[in-house]
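Each chain is listed here by its residues.
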Amino acid sequence: MSEFWDQMESRGPGEVVVGGVRIGPGSKVRLKPKSQADIFDLVLDGREAVVESVEQDDEGAFHVAVTLDDDPGRDLGEARLPGHRFFYSAEEIEPLESPVRVLVAGIGNVFLGDDGFGVEVVRRLAEEGAVPGVDVVDFGIRGMDLAYALQREYAGVVFVDAAARGQAPGTLTVLDPELPDASDTLVETHGMDPVRVLRLARQLGRIPALVRVVCCEPVSVGEALFELSEPVRAMVGEAASLVKSLVMEMIAESTVPGSRDPAPR
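Predicted model only: the values in this text are computed from it and were never measured. (Residues numbered from 1 in each chain as written. Predicted model: local features only at pLDDT ≥ 70, side-chain atom pairs only at ≥ 80, totals over all residues. Heavy atoms only, no water.)

Draft legend 1. Spotlight on the nonpolar core. If you look at the biggest cluster of nonpolar residues, it comprises 29 residues, and the most contacted ones within it are Val104, Phe117, Val121, Val158, Val160, Val243 and Val247. The set of elements that each furnish at least two residues to this core consists of strand E8 (102-107), helix H4 (117-128), strand E10 (156-162), strand E12 (210-216) and helix H8 (236-255). The element best represented in this core is H8, accounting for nine residues. Ignoring any residue separated from it by four or fewer positions in sequence, one finds Val243 in contact with Val104, Val121, Leu125, Val158, Val160 and Val214. Ranked by size, the runner-up nonpolar core spans 19 residues in total, among them Ala147, Ala149, Val157 and Ala201. (Core = buried A, V, L, I, M, F, W, Y, C linked by side-chain atoms within 4.5 Å. Buried < 20%, exposed > 50% of the residue type's maximum accessible area, 1.4 Å probe, protein only. Helix = DSSP H or I, 4+ residues; strand = E, 2+ residues; numbered from the N terminus. Contact = heavy atoms within 4.5 Å.)

This is the structure we're talking about:
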């Protein structure tokens, strides 16, 4: 028995696809236990829960660890204490639309070589399938459209872009930008870097409380190359995985009672 729990405590694959929807930490699900012999199965059938982790046993079967959405002792489940943390197979959970929404914004000019990195990453994410509560959008060079999109009730936004930071080509960096305050009155409608978009969104009224920028060091962004360089193209898949991890963190953080509210209007 202890061997089973040791396996359950080991690091899992991070996510599993249920009904065509990717489920990972922070995802909301409804419990549908197959067995009705256990008192917990009877009591928890139909209850809503939050995924804490996804584990995989030696035979390749997935086990989803959840805590109940309305459990006053949910923090004990997050601390991996029994009685507040439950395991179900992927077939015993039903994905729910998350009340928390996050925007993944790919930005850049696909005609300028590596500047199209963000666009390629969101295309990859779109091909890999939906994540509950996440909108994946290719904004290209449409800075005004992105600023208006941020006026929706998003809890967080992940910008994906190419940015020269003096590192080796293909280096991925996650930035936590300083959010502009209400006293910043300079409105810039031209340009597409995340700082300018955030400044414009603030002037329009709202920016999400959680903001991350995933950027990749380019080889070149000023030439009409019409394709990514090899070092940058090689990082598209890794960047997509990184974005999904950041999104799950944002959703999990936003579903915790007392978490940060959206930046004020």
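Back to the write-up after that little detour.
Draft legend 2. Looking closely at helix H6 (residues 194-204). Buried residues of H6: Pro194, Val197, Leu198, Arg199, Leu200, Ala201 and Arg202, and no others. Turning to H6, the residues buried within the fold contact E8, helix H5 (143-149), E10 and E12. Positive backbone phi, at 140°, marks Gly205, one or two positions downstream of H6.

Draft legend 3. Structural detail: the sheet that holds E8. One open sheet accounts for five strands, arranged E9-E8-E10-E12-E11; its pairing is mixed. Across the chains shown, the open sheet's two edge strands, defined by having one partner strand only, are strand E9 (134-140) and strand E11 (172-175). Across the sheet, the mean angle from the axis of one strand to that of its neighbour is 20°, orientation sign disregarded. As paired strands, E11 and E12 are joined by four bridges and run antiparallel to one another. (Pairing = 2+ DSSP bridges. Axes fitted to C-alpha atoms, helices over the stretch in contact; angles between N-to-C directions.)

Draft legend 4. Looking closely at the side chain of Lys28. By secondary structure assignment, the location of Lys28 is in strand E3 (residues 28-31). The contact partners of Lys28, leaving out residues within four places of it in the chain, are Glu48, Ala49, Val50, Asp69, Glu94, Pro95, Leu96 and Pro99.

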